[in-house]
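Here is what each chain is made of, one letter per residue.
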Amino acid sequence: MKPYRSMLFVPGHKPSWAAKAVASGTDAIILDLEDSVPAADKADARKTVRETVDRLRTEGVRADVWVRPNSVDSGLFGADVEQVVTAGLSGLFLPKVFTAEEIVRIDAIVSHIEEREGLEAGSIGLIVSFETAVSMAHCEEIAAASPRISSLLGATGPNADVGRELGFEFTPEGLETLYLRSRIVLAARAAGLHHPVSGVWQDMADLDGCRRFAEDNRRLGYRGLVVIHPSHVAVANEVFTPSAEKVDHYRRMIAAFREAEARGSAAVDFEGQHIDLAHAKTAQGVIDLADALAGN
């Protein structure tokens, strides 16, 4: 998966909001058919989302386009994916998953639709949102359940599904979710998924709080933020983009290490720090991320 610093939710039944999302500079748009769409509007929203995906593909927008369908246990999932899996869709952002078996079944359904629609096999990705206690208890199995899985979401917003499921009280410091968020990062990395995303910050006016929340999750190993308001996109993009100073520091580090290698040494004193191959690999990872973001 491309690294997403920001993924912005857009209510699926409000097509004009997609243009605002594109203008925000978000790396990816999530057209929502679940919680932000009233029950009475679900059927029409499917058609609207399909039209929006087609329109954005025609316009050649930079942002990737994802859709959050309703959960499998809602009874609406099948109708959702039948309508929205089409050319121009990057994947499905799955809410309220329970088990790895559920992922396997979703994979089979998507494979069938890909073949029917003439899409490249395996081209529709899956991002798993951990919002149920069962899924969180089995996040490692779920992360490895399908090669379609592109990323995992460690969601921790106040008063929403995760908090209700686990019974914790949300704090900006996040100690009550530290174990959960850490375990999901570990599950992602163990499954070869290098860009887990966090979310969401629900106070739309508190940009400083959003920044602290994003920075805390970046330090923990997350590489992007799922957001619910366009004003949060710039914050997420800045926080999850390696700074020019950091990239320059790591380029110098690699150059110093290579010079040491050429002299027959496997380690070097770089600006007062002991540096060896492990550090050079870490530095290259940051540079590769920066280069990938620059090419988005």
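Everything quoted here is computed from the prediction, not taken from an experiment. (Residues numbered from 1 in each chain as written. Predicted model: local features only at pLDDT ≥ 70, side-chain atom pairs only at ≥ 80, totals over all residues. Heavy atoms only, no water.)

**A few points about the overall build of the protein**
Worth spelling out the cut-off: The helix and strand labels rest on DSSP assignments: H or I over at least four residues marks a helix, E over at least two residues marks a strand, and numbering proceeds from the N terminus. Put simply, the radius of gyration uses C-alpha atoms, and a globule should come to 2.2 Å times the residue count raised to 0.38. For each residue, the accessible area found with a 1.4 Å probe, counting protein chains only, is set against the maximum for its type, and the residue is called buried under 20%, exposed over 50%, and partly exposed in between. Residue contacts follow a heavy-atom distance rule, with two residues in contact if any of their heavy atoms lie within 4.5 Å. Two residue types count as positive, namely Lys and Arg, and two as negative, namely Asp and Glu; His and chain ends fall outside the count. Charge placement uses NZ in Lys and CZ in Arg. For Asp and Glu, CG and CD serve respectively.
The secondary structure content of the protein amounts to twelve helices and ten strands. For 296 residues, the compact-globule estimate of 2.2 N^0.38 gives 19 Å, and the C-alpha radius of gyration of the protein, at 20 Å, lies within 12% of that figure. In terms of overall dimensions, the protein has a C-alpha envelope of 70 × 45 × 35 Å along the principal axes. Every one of the 296 residues in the protein was classed for burial, and the buried ones make up 49%. The contacts in the protein between residues at least 6 apart in sequence include a share of 71% that link residues at least 24 apart. Taken together, the 31 basic and 43 acidic charged side chains of the protein have centroids lying 3 Å from each other.

**Side note on the sheet that holds strand 3 (residues 64–68)**
How we decide: When DSSP finds two or more bridges between two strands, those strands count as paired. Axis lines are fitted to C-alpha atoms, over the contacting stretch for helices. Their N-to-C directions set the angle, which ranges from 0 to 180 degrees.
Read once around its circumference, the closed barrel built from eight strands follows the order 1-2-3-4-5-6-7-8, with strand pairing classed as parallel. Recorded for the sheet is a direction-independent mean angle of 25° between the axes of neighbouring strands. Where strand 6 (residues 149–155) meets strand 7 (residues 197–199), three bridges bridge the pair, whose relative direction is parallel. Paired with Gly154 across the strands is Ser198, a residue of strand 7.

**A look at the nonpolar core**
Note the cut-off: Nonpolar cores are built from buried Ala, Val, Leu, Ile, Met, Phe, Trp, Tyr and Cys residues. Side-chain atoms within 4.5 Å join them into one set.
With 71 residues, the main nonpolar core has Met7, Val67, Leu92, Leu152 and Val226 as its most contacted residues. Setting aside residues up to four positions removed in sequence, Val67 forms contacts with Ile30, Leu31, Leu33, Val49, Val53, Val84, Leu89, Gly91, Leu92 and Phe93. Of all hydrophobic cores here, the second largest spans 13 residues; its members include Val247, Ala256, Val268 and Phe270.

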